[in-house]
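Residue strings, one per chain:
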Amino acid sequence: MRRTTVLMASGVAALGAAALVSRVEARAAGAAPLDDATIVAIFDAANTFDIETGSLAVARAQNKEVRDYGKMLVDVHTAVRQKGRDLAAKLGVTPTPPRDFQMSADHAAAVKRLQSVQGASFDRAFLEHEQAYHAAVLAAVRTTLLPAIQNQELKDFVTSLAPAFEAHRLAAENYEKWLFGK
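Residues numbered from 1 in each chain as written. Predicted model: local features only at pLDDT ≥ 70, side-chain atom pairs only at ≥ 80, totals over all residues. Heavy atoms only, no water.

(A) Summary view of the nonpolar core. Counting residues in hydrophobic clusters, the biggest one holds 29 residues, and the most contacted among them are F43, F157 and V158. Taken together, the elements giving at least two residues each to this core come down to α2 (36-60), α3 (64-91), α5 (119-148) and α6 (152-180). With eight residues, α2 is the largest single contributor of residues to this core. In this structure, V158 is in contact with F43, V141, L146 and I149, ignoring residues within four places of it in sequence. Listed in part, the 14 residues of the second largest apolar core include L56, A61, V111 and L127. (Core = buried A, V, L, I, M, F, W, Y, C linked by side-chain atoms within 4.5 Å. Buried < 20%, exposed > 50% of the residue type's maximum accessible area, 1.4 Å probe, protein only. Helix = DSSP H or I, 4+ residues; strand = E, 2+ residues; numbered from the N terminus. Contact = heavy atoms within 4.5 Å.)

(B) The arrangement of α3 in detail. Between its first and last C-alpha atoms α3 spans 40 Å; for 28 residues at 1.5 Å apiece the expected length is 40 Å, and the two agree. Listed as buried for α3 are V66, Y69, G70, L73, V74, H77, V80, R81, G84, L87 and A88. Where α3 is buried, its residues contact α2, α5 and α6. The backbone nitrogen of E65 lies 2.7 Å from a side-chain oxygen of the residue at the head of α3, namely N63. Within two residues after α3, G92 carries a phi angle of roughly 70°, on the positive side. (Expected span 1.5 Å × (residues − 1). Polar contact = N/O pair within 3.5 Å; in protein donor to acceptor, adjacent residues only side chain to side chain.)

(C) Molecular detail of the environment of A132. By the secondary structure assignment, A132 is in helix α5. Separated by 40 residues in sequence, A132 and A172 have C-alpha atoms that sit 9.5 Å apart.

(D) View of the packing of aromatic side chains. In total, this model carries five aromatic pairs according to the counting rule given. Arranged with centres 6.5 Å apart and planes meeting at 50°, the rings of F43 and F165 form a pair that is tilted. Taken together, the residues span a long stretch of sequence, with F43 in helix α2 and F165 in helix α6 at a distance of 122 residues. Residue F43 is classed as buried on the basis of its relative accessible area, which comes to 9%. Following the ring pairs from residue to residue traces out a cluster consisting of Y69, F122, F126 and Y175. (Phe/Tyr/Trp six-rings, centres within 6.5 Å; stacked < 30°, edge-to-face > 60°.)

(E) Representation of α2 in the model. Between the first and last C-alpha of α2 there are 36 Å, a value that for 25 residues agrees with the 36 Å anticipated at 1.5 Å per step. The buried fraction of α2 amounts to 20 of the 25 residues, a majority that puts the element mostly inside the structure.

(F) Fine view of empty space enclosed by the protein. What the rule picks out here adds up to five cavities of 30 Å³ or more. Counted as a void, the second largest cavity has a volume near 70 Å³. Looking at the lining of the second largest cavity, the elements with two or more residues in it are α2, α3 and α6. Its residues placed into classes, the lining of the second largest cavity shows seven nonpolar, one polar and three charged. (1 Å grid on protein atoms, 1.4 Å probe; cavity = no way out; pocket = protein on both sides within 12 Å on 5 of 7 lines; lining within 4 Å. Points joined across faces, edges and corners; volume = space filled by probe spheres on them. Nonpolar A, V, L, I, M, F, W, Y, C, P; charged D, E, K, R; others polar.)

(G) Up close: the pattern of salt bridges. Applying the stated rule across the entire model yields nine salt bridges. K71 is the salt-bridge partner of D75, the closest N and O atoms lying 2.8 Å from each other. With D75 and K71 both in helix α3, this residue pair falls four residues apart, about one helical turn. The class for D75 is partly exposed, based on a relative accessible area of 40%. Across the pair E153 and K90 runs a salt bridge, and its minimum N-O distance is 2.5 Å. Of this pair, E153 sits in helix α6 while K90 is found in helix α3, placing the two residues 63 residues apart along the sequence. Under the relative-accessibility criterion, E153 is labelled partly exposed at 35%. Taking relative accessible area as the criterion, K90 reaches 58% and is therefore assigned exposed. (Salt bridge = Lys/Arg side-chain N within 4 Å of Asp/Glu carboxyl O.)

Fair warning: the whole summary comes from geometry, so function is off the table for now.
Here it is, written out as structure tokens:
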């Protein structure tokens, strides 16, 4: 049962991350193209979502390293979110979430699934979620968001953050290998 729960949670995390990319790409291909205000809102939400899942790890992780990783995510994504908000204010861009912002529902479902597991099963599901989530955000940034950004300062800011998102994905992967021998 425990292994089934972990596999279900990790499979759903991967599906949720894939849904993030497909929803952003679908939005970009839809009737209304992405604009900087929508991209800022998507970027803000992506950081907020990782602050929330990081906080969940701080509260629920069994392993100290996983709790510390969650805390790092909270700290880094809080700072990045604020920098994004400050830049948006400087540029006079009002973040405007997409009308059909499915990412919020996908995030709520991921949090609910993470809350349904405990102990080592939570640690593993969380780390798998973070790997898939950061990979999906990076894919969406590279393939959809960056090409649509009009303001060069905003584009430079988002581009500068890609290495940190990749480092977060890699850290989750390494913790999972270390803890679970994957």
